[in-house]
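Understanding the architecture of this molecule
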Amino acid sequence: MRKTRGASVAATVSALLVLTACGGEDASTGEAPEPSVEPSASFEAGTTMAEIQQAGTITVGTKFDQPGFGLANLEGTPEGFDVTVAEHVAGQLGIAPEDIEWVEAPSARREDLIANGDVDMVVATYTINDRRRERITFAGPYYVAGQQIMVNADNTTINGPEDLAVNPDVQVCSVTGSTPAENIRQYLASPDQLTTFEVYDDCVTAMQNGQVDALTTDNVILTGYVAENEGQFKLVGEQFTEEPYGIGIEKGDTAFCEFINDALQQMADDGAYEEAWTSTAGQYEGTEVPQLPEPDPCV
Ligand code: GLU
């Protein structure tokens, strides 16, 4: 049951960073397309859609430190592809961008935020997988990324995941609770080669300090760090996993899942999906305009 409104929200979210959208543009991204807001949409009573519409606000978990997907701007409002996708879904519920409450959703916290009812949905480079599906339901996918490795621009030792085990002094960074942190283990000589932090920003700082030699996560996240730290980093090797991004919602909320899938299709049909991409993550070199993938069944 949805419990992100009222007293419970104050208690459960008080420890979280909660921001309300207030506009503004990050210099690195273009003007993201304005969502069409449907104030007259009507929903069956008792559905999550009806509850959100009636509340006039929606709480969305996203990343605050991932350029191109979810990056807090100078006003503290996140911007990027995930944010724009979330704004369009909210628009279909009659919620304008300024009425969205943004909650930072670090990788390891996403299932808890959803299962505890702290957010209505999570749009945060969130790979769909069966382990996560034990606790939540995914709408989508709306994008398919792949894991890759980023190293310092002058590194000639690491050219892909196979080079990690043969260079056991090399330290790799990733984020706790992320799929890349798990996937990379099979390529390491020992678990000591992996350093994990709560958010990717800390890995980037650790790269800059020389504490770690490589950062591994999804290619599109790394592309943002390469672009935003000119000349410092490069991607090496090919992507070696598939990471289909879903929108996480309360487990079993099939009607909301289907609603979100329809909203994504609507975005693709009216060109907003492509525009959302080209004005955000698509601004970075080496990215390609995606096609909206076929949705998974809402089970
Ligand atoms: N897509 C991967 C995941 O959901 C990595 C990106 C992230 O940590 O958000 O775990």
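Bear in mind that the values here come from a model prediction, so they are computed numbers and not experimental data.

Quick look at the packing of aromatic side chains
Inspection of every chain in the model, using the stated rule, returns 15 aromatic pairs. An aromatic cluster of three or more residues is present, and its members are Phe 69, Phe 81, Tyr 142, Tyr 143, Tyr 245, Tyr 273 and Trp 277.

Here's the deal with the sheet that holds strand E9 (residues 147–152)
Spatial strand order, E11-E10-E12-E9-E13: 5 strands in an open sheet with mixed pairing. Strands with a single pairing partner mark the edges of an open sheet, and in this sheet they are strand E11 (194–197) and strand E13 (233–236). On average, each strand axis in the sheet is inclined to that of its neighbour by 35°, with strand direction left out of account. With 4 bridges joining them, strand E10 (residues 172–175) and E11 adopt parallel strand pairing. Among the inter-strand pairings, Cys 173 is bridged to a residue of E11, identified as Thr 195. Sheet strands touched by helix H8 (residues 200–209): E9, E10, E11, strand E12 (214–218) and E13. Its angle to E12, the strand with the most contacts, is close to 155°. Sheet strands touched by helix H9 (residues 219–228): E9, E12 and E13. Its angle to E12, the strand with the most contacts, is close to 130°.

Here's the deal with the site of the ligand
Surrounding the ligand, one finds 16 residues, the nearest of these being Lys 63, Ser 107, Thr 127, Tyr 200 and Asp 218. Residues belonging to the shell around the ligand are distributed by class as follows: 6 nonpolar, 6 polar and 4 charged.

Brief notes about unusual backbone geometry
With an omega of 10°, the peptide bond running from Gly 140 to Pro 141 counts as cis. Note that Pro 141 resides in strand E8 (residues 136–145). Despite not being glycine, Thr 125 shows a phi value in the positive range, around 40°. You can see Thr 125 is positioned in the loop between strand E7 (121–122) and helix H5 (130–133). Under the relative-accessibility criterion, Thr 125 is labelled buried at 5%.

Thoughts on the nonpolar core
Of all hydrophobic cores here, the largest spans 56 residues; its most connected members are Met 121, Tyr 142, Tyr 143, Ile 247 and Ile 260. Here the element with the most residues in this core is helix H10 (residues 254–269); it accounts for 7 residues. Non-local contacts of Ile 260, meaning those with residues more than four positions away in its chain, are made with Val 89, Met 121, Ala 139, Ile 247 and Ile 249.

Some details on H10
Compared with an ideal rise of 1.5 Å per residue, which puts 16 residues at 22 Å, H10 spans 22 Å between its outermost C-alpha atoms and is within 8% of the ideal. All of the buried residues along H10 are Phe 256, Cys 257, Phe 259, Ile 260, Asn 261, Ala 263, Leu 264 and Met 267. The first or second residue beyond H10 is Gly 271, which carries a positive phi of 85°.

Re the side chain of Gln 147
Here Gln 147 lies in strand E9. Among the polar contacts listed, one links the side chain of Gln 147 to the backbone oxygen of Pro 180, at a separation of 3.2 Å. Of note is the side chain of Gln 147, whose polar atom sits 3.0 Å from the side chain of Asn 183. When residues no more than four places from it in sequence are discounted, the contact partners of Gln 147 are Pro 180, Asn 183, Ile 184, Thr 216, Thr 217, Asp 218, Asn 219, Glu 238, Gln 239, Phe 240, Thr 241 and Glu 243.

Rules used in this analysis
- Residues numbered from 1 in each chain as written.
- Predicted model: local features only at pLDDT ≥ 70, side-chain atom pairs only at ≥ 80, totals over all residues.
- Heavy atoms only, no water.
- Phe/Tyr/Trp six-rings, centres within 6.5 Å; stacked < 30°, edge-to-face > 60°.
- Pairing = 2+ DSSP bridges.
- Helix = DSSP H or I, 4+ residues; strand = E, 2+ residues; numbered from the N terminus.
- Axes fitted to C-alpha atoms, helices over the stretch in contact; angles between N-to-C directions.
- Contact = heavy atoms within 4.5 Å.
- Near = heavy atom within 4 Å.
- Nonpolar A, V, L, I, M, F, W, Y, C, P; charged D, E, K, R; others polar.
- Buried < 20%, exposed > 50% of the residue type's maximum accessible area, 1.4 Å probe, protein only.
- Core = buried A, V, L, I, M, F, W, Y, C linked by side-chain atoms within 4.5 Å.
- Expected span 1.5 Å × (residues − 1).
- Polar contact = N/O pair within 3.5 Å; in protein donor to acceptor, adjacent residues only side chain to side chain.

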